[in-house]
Amino acid sequence: MERPDKAVIFWGGLCGTIPPALALDLPVDFEHRVMIIDLTPGVVPMSLLIQGTSIGWLRRRPGD
């Protein structure tokens, strides 16, 4: 796999349904579980927006 391909895969990260699934899988007695579950619906759209709109630039980046 070429270096630019690895960068795109890395930048794509965990988006969509994986973060809510991970948050809901936290143990019930986890101290900050409720806070993480409450913040996850905001984090997912922001990560999709930021990473999704910049991934084209990353792919066209000169020098890679």
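This one's a predicted model, so the numbers in the text were calculated from it and none came from an experiment.

**As for the confidence of the model for the protein**
Predicted coordinates in areas of low pLDDT are best not read in detail. Here the protein averages 85 in pLDDT, and 94% of its residues register 70 or above. The weakest mean pLDDT in the protein belongs to helix α1 (residues 3–12) at 79; the strongest belongs to helix α2 (residues 18–24) at 91.

**Description of the packing of α1 against helix α3 (residues 33–60)**
Pairs of packed helices are described in terms of their axes, by the angle between the two and the distance that separates them. Two elements in contact, α1 and α3, have axes separated by 10 Å at closest approach and are oriented at 170 degrees. With respect to each other, α1 and α3 are oriented roughly antiparallel. Of α3, the residues touching α1 (which contributes P4, D5, A7, V8, W11 and G12) are Q51, S54, I55, L58 and R59. For the contact of α1 with α3, the residue count by class is six nonpolar, three polar and two charged.

**Brief notes about α3**
The periodicity of an α-helix, 3.6 residues per turn, causes residues three or four places apart in sequence to face the same way. For α3, built from 28 residues, the straight-helix expectation of 40 Å at 1.5 Å per residue is met to within 8% by its first-to-last C-alpha distance of 39 Å. On its buried face, α3 sits against α1 and α2.

**Considering the side chain of T40**
With respect to the helices, strands and loops of the structure, T40 is situated in helix α3. Exposure remark for T40: the relative accessible area of 11% places this residue in the buried category.

**Regarding a nonpolar patch on the surface**
A cluster of nonpolar residues, F10, W11, M46, L49 and I50, forms a patch on the protein surface that exposes about 540 Å² of accessible area. Taken together, the elements giving at least two residues each to the nonpolar patch come down to α1 and α3. Looking at the nonpolar patch, the element that brings in the most residues is α3, giving three residues. For F10, a relative accessible area of 67% gives the class exposed.

**Here's the deal with the environment of L58**
For L58, the location among the structural elements is in helix α3. Judged by relative accessible area, which is 14%, L58 ranks as buried. Spatially, the C-alpha atom of L58 lies 7.8 Å from that of A7, the residues being 51 residues apart in sequence. Excluding residues within four positions of it along the chain, L58 makes contact with A7, V8 and W11.

Rules used throughout
- Residues numbered from 1 in each chain as written.
- Predicted model: local features only at pLDDT ≥ 70, side-chain atom pairs only at ≥ 80, totals over all residues.
- Heavy atoms only, no water.
- pLDDT = per-residue confidence, 0-100.
- Helix = DSSP H or I, 4+ residues; strand = E, 2+ residues; numbered from the N terminus.
- Axes fitted to C-alpha atoms, helices over the stretch in contact; angles between N-to-C directions.
- Parallel < 35°, antiparallel > 145°, perpendicular 65-115°, else oblique.
- Contact = heavy atoms within 4.5 Å.
- Nonpolar A, V, L, I, M, F, W, Y, C, P; charged D, E, K, R; others polar.
- Expected span 1.5 Å × (residues − 1).
- Buried < 20%, exposed > 50% of the residue type's maximum accessible area, 1.4 Å probe, protein only.
- Patch = residues over 30% accessible without salt bridge, like charges linked within 9 Å, V, L, I, M, F, W, Y side chains within 5 Å.
- Areas by Shrake-Rupley, 256 points an atom, 1.4 Å probe, with all protein chains shown as cover.
- Salt bridge = Lys/Arg side-chain N within 4 Å of Asp/Glu carboxyl O.

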